[in-house]
Amino acid sequence: MRRIARFIGFIFATCAIVFVVLAAAVGAVVWKYQQDLPDYSQLQNYEPPVMTRVHAGDGSLLAEYYHERRLYLPSSAIPPLVKEAFISAEDKNFYIHRGFDPEGILRAGFVFLQGSKHVQGASTITQQVAKNFLLNNERTFDRKIREILLSMRIESAYSKEKILELYLNEIYLGLSNYGVAAAALNYFDKSVHELTIAEVAYLAALPKEPSELNPFRNHDRALDRRNYVIGRMAEDGYITQAEAQKARSEPLTINPRVLTPNSIAAGFFAEEVRREILVRYGDQKLNEGGLSVRTTLDPKIQLMARKALVDGLVHYDEAHGWHGTVKSIDLGQDWGVSLADIPQLGDVKPWRLAVVLDANDISARIGLQPDRDPSGAVGQNRETGSITIDGTKWTGKRPRALMKPGDVVYVEPIAGKTAEFRLRQIPEVSGACVAMDPFTGRVLAMVGGFSFDQSEFNRATQAKRQPGSSFKPLVYATALDNGYTPSSIELDEPIEVDQGNGEMWSPQNFEGKSGGPHTLRFGVEHSINQMTVRLARDIGMPLIVEYAKRFGIYDDLPPYLSMSLGAGETTVLRMVTAYSMFANGGRRIKATLIDRIQDRWGHTIYKHDERICQGCDATHWDDQSEPKLIDTREQVIDPLTAYQITSIMEGVIQRGTAAGAGIRELGKHLAGKTGTTNDAKDLWFVGYSPDLAFGVFMGYDHPRSLGDSAQAALYTAPIFRDFMKLALKDTPDTPFRVPPGIKLISVDAHTGTRSSGPGSILEAFKPGTGPPDSYAAGDGGESPHVLNVSPDIEKAVGSGTGGLY
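Here goes a summary of the coordinates provided.

The rules behind each value
- Residues numbered from 1 in each chain as written.
- Predicted model: local features only at pLDDT ≥ 70, side-chain atom pairs only at ≥ 80, totals over all residues.
- Heavy atoms only, no water.
- Helix = DSSP H or I, 4+ residues; strand = E, 2+ residues; numbered from the N terminus.
- Buried < 20%, exposed > 50% of the residue type's maximum accessible area, 1.4 Å probe, protein only.
- Salt bridge = Lys/Arg side-chain N within 4 Å of Asp/Glu carboxyl O.
- Contact = heavy atoms within 4.5 Å.
- Polar contact = N/O pair within 3.5 Å; in protein donor to acceptor, adjacent residues only side chain to side chain.
- Pairing = 2+ DSSP bridges.
- Axes fitted to C-alpha atoms, helices over the stretch in contact; angles between N-to-C directions.
- Core = buried A, V, L, I, M, F, W, Y, C linked by side-chain atoms within 4.5 Å.
- Disulfide = S-S within 2.5 Å.
- Phe/Tyr/Trp six-rings, centres within 6.5 Å; stacked < 30°, edge-to-face > 60°.

**A few points about the overall build of the protein**
Counting secondary structure elements, the protein contains 23 helices and 26 strands. Residue burial in the protein is summarised as follows: out of 805 residues, 51% are buried.

**A look at the pattern of salt bridges**
Scanning the entire structure with this criterion turns up 44 salt bridges. Residue K246 pairs with E250 through a salt bridge whose shortest N-O separation is 3.6 Å. For K246, a relative accessible area of 55% puts it in the exposed group. Residues E634 and R588 are paired through a salt bridge, measuring 2.9 Å at the closest nitrogen-oxygen approach. Of the two residues, E634 is situated in the loop between strand 21 (628-630) and helix 21 (639-654) and R588 in the loop between helix 20 (572-583) and strand 18 (594-598); the sequence distance between them amounts to 46 residues. Judged by relative accessible area, which is 36%, E634 ranks as partly exposed. Each member of the salt-bridge network shares a partner with another, and the members are E271, E272, R274 and R275.

**So, unusual backbone geometry**
With omega at 15 degrees, the peptide bond leading from K349 into P350 counts as cis. As for its position among the elements, P350 is in the loop between helix 14 (335-340) and strand 7 (352-359). One non-glycine residue with positive phi stands out, namely L175, at about 50 degrees. Following the sequence through the fold, L175 ends up in the loop between helix 6 (160-170) and strand 4 (177-178). The exposure class of L175 is partly exposed, given its relative accessible area of 33%.

**Some thoughts on the environment of H193**
Topologically, H193 is positioned in the loop between helix 7 (180-188) and helix 8 (197-205). Exposure remark for H193: the relative accessible area of 57% places this residue in the exposed category. Sequence-wise, H193 and A77 are 116 residues apart; in three dimensions their C-alpha atoms are separated by 8.7 Å. When neighbours within four sequence positions are excluded, H193 is seen to be in contact with A77 and P79. Within the local environment of H193, its side chain forms a polar contact with the backbone oxygen of A77, the two atoms lying 3.1 Å apart.

**A few points about the sheet that holds strand 2 (residues 61-65)**
Ordered by their spatial adjacency, five strands build an open sheet running 2-1-5-18-19, and the pairing between neighbours is mixed. In this open sheet, the two edge strands, each paired with only one partner strand, are strand 2 and strand 19 (604-607). Ignoring strand direction, the axes of neighbouring strands in this sheet form an average angle of 15 degrees. Packed onto the sheet, helix 11 (residues 267-281) meets strand 1 (52-55), strand 2, strand 5 (292-295), strand 18 and strand 19 and runs at close to 45 degrees relative to strand 2.

**Section: the pairing of strand 9 (residues 384-388)**
Of the strand pairs in this sheet, strand 8 (residues 363-368) and strand 9 are connected by five bridges, and their pairing is antiparallel. Pairing of R365 across the sheet is with S386, part of strand 9. Here two bridges tie strand 9 to strand 11 (residues 420-424), and the two strands are oriented parallel to one another. Across the sheet, residue S386 finds its bridge partner in strand 11, namely E420.

**Description of the side chain of N458**
Examined against the element boundaries, N458 turns out to sit in the loop between strand 13 (443-447) and helix 16 (472-480). Taking the relative accessible area as the measure of exposure, N458 reaches 0% and is therefore buried. At 2.9 Å, the side chain of N458 forms a polar contact with the backbone nitrogen of A460. Those residues in contact with N458, other than ones at most four positions away along the chain, are F268, E272, R275, M446, G448 and A463.

**What about the nonpolar core?**
Grouped together as the largest cluster of nonpolar side chains are 136 residues, with contacts concentrated most on F551, F582, F694 and F723. By residue number, the principal contributor to this core is helix 20, which donates nine residues. Among all residues touching F694, those that are not within four sequence positions of it are A305, C433, V434, A435, V576, F685, V686, G687, I719, F720, F723 and M724. Listed in part, the 53 residues of the second largest apolar core include L71, I197, A222 and Y228.

**Remarks on the sheet that holds strand 24 (residues 693-699)**
Strand order in the open sheet formed by five strands is 13-12-24-23-22, with antiparallel pairing between adjacent strands. Either end of the sheet is taken by a strand with one partner, and the two such strands are strand 13 and strand 22 (671-676). For this sheet the average axis-to-axis angle between neighbouring strands, irrespective of direction, equals 5 degrees. Examined bridge by bridge, strand 12 (residues 430-436) and strand 13 share four bridges and lie antiparallel to one another.

**What about the state of the cysteines?**
Counted by the stated rule, this structure contains one disulfide. Residue C613 pairs covalently with C616 via a disulfide, S to S 1.4 Å. Among the residues examined, C613 registers a relative accessible area of 29% and is labelled partly exposed. Among the residues examined, C616 registers a relative accessible area of 47% and is labelled partly exposed.

**Some words on the packing of aromatic side chains**
Counted by the stated rule, this structure contains 20 aromatic pairs. Summarising the aromatic geometry, the rings of Y187 and Y202 are spaced 5.6 Å apart at their centres and angled 80 degrees between planes, so their arrangement reads as edge-to-face. Placement of Y187 in helix 7 and of Y202 in helix 8 is noted, with a sequence separation of 15 residues between them. With respect to class, Y187 is no different from Y202; both count as buried. Relative to F450, the ring of W351 has its centre 5.5 Å away and its plane inclined at 50 degrees; by these criteria the two rings are tilted. With W351 in the loop between helix 14 and strand 7 and F450 in the loop between strand 13 and helix 16, the pair connects residues that are 99 residues apart, well separated along the chain.

Next up, the structure:
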């Protein structure tokens, strides 16, 4: 017995020594690896990269910008079914282990030894959080030990729900998706709350092998893994066997979300917003900051503006003939594959690329470009149609003379006819347009060219072009704001200006002839160059320069008389903003594409509207006065002057250079001005209704003449007409608001003298002014008017306002 006792004692002592040694060894290992463990407390304030989302004014999603496509959801916003699917797939004992799972390690090893194709990972969700957030992906024992130690610390510091929240928002799920929210949207076009059992099981299957389980490349493997996860969910009691059986029977159907500004032809607008955010906050905030941007874009107005501009560009381009096919391809055995390889502009729908299969004098048989599936494979369907002689009528040639088999062209379906198409071509001419709320400066629509996919150069904001005669209303408004009236007389006679280099400049009227004395109204309505230059000389170019700066058309306009005819360069956005100030009664506005920006936490960090709402913060109703908006914006021009120039520009449409463009036939109160530069290199029309401003420009990117007969009245005024016809279709006709103090007096439309007979109009006069009793003019050298320059303007331009410049 004594020997047995000694033996047992020896065994116990030995085990105790071994235990102590092992404990010391483990303690040493733990101590060693704990020395340089990352600080897990940073998880508490972790802000993962979240994509910035840009919304249109109606709340619809316009664009997303990101380095990692992720939307962050708090644990409370993630449905239990989603959590359960990932727990079954990744960490069965998540809610009971303390960071690592010995049972899971043994189970994974046993499955591996059995040779099962469904390999189980030994890492818990907590370990994956430690690895993804704080460590790296090295496959070493060192990293694994550090991972386990970190997991235990994380478990002691954070709740299970917080750990699961971090995991479900951080995990990579393939196809550039990070986190369950982004994956749900981009795999199934659903929110996490709308996912079925089969869909959440597929997402939960992805963390193991996101690339290998691509549903397009490895569909069967992805389906098999999804069904395995469904089985695990049933085994763990999260779903019933009946639910599991039903979910397994569902096909793996992926419905990728398609998000592109092209759906509302807003590529130029979205890119302009992206640039502004980049300048304002930098690249990291743009692509990782989780900003929510509410823009001013009105999708309906945007589509109207796009259609009006494109129709106008195509009208001009087709009037100047056919300029050739896109390219030619070898028809071969399957023309569809070759045709599918040619990039098609994505924002010119319903236009499509097609290849000519054969052609004769009556028609051409064509094959339409086939679609590709999400994996990039060309579809098997081959759609054909024909271009009839009616579809080529605009070219003046028969189909055989225009194209041959193998030629690739753009076509457009003919409404009401099956498989019949019209021949199209990408216009060589370009242009831009902007629609704006004149009271706030909110840009409702912006089209920077024919196609954003063709060229990202935004001609509405980046192209500086001469506005030509569309600048003249600013010259005349300057005069009206400083003592002139619409009935004031100026000579339409030749004038010579010494340019200071020994050469004389003698501006000519568009018609090449002079008409003697006319009212200022007539000068604007009929866009008389010689009157404008004489008026600019009389009031002084420094005064005009100051007003041009106030209206934001130019920052530093040279004070030369030629600039009064719009020889300086500016942008469509600036011109529309300036005209909006005429429309709103002379209040300064700032053009904006963004209403509001919120950070990832919902705090507003920028808003455009700077007006103060007095009384809007009341917590309850107590018979107080209604809230008031306090408008402190600068008055850049007298409201009475703004109405006078508006009334004059109504005359442009009724009797002047735009009278033949069909705008007055719309039956709406509209004001505007044509603009045609020298050699017709730039054509403009800028105008407005009482509540909507719109401007359009047309010209080649490398300026050259649009033709001897090209005029704004023929090409850009109809674009304005077509846009306003669409935009104002369901709105009542509203006259322009007459400000207090304006006197409307009946005058002769040509002479400006008092008259109530045929040909008379109501003219707007300020207090203390009125129409002349007789038709007279100065001698052309001195102005018959006294300038009443306001003190702030006089200070800005100096004491002398006259002289030749």
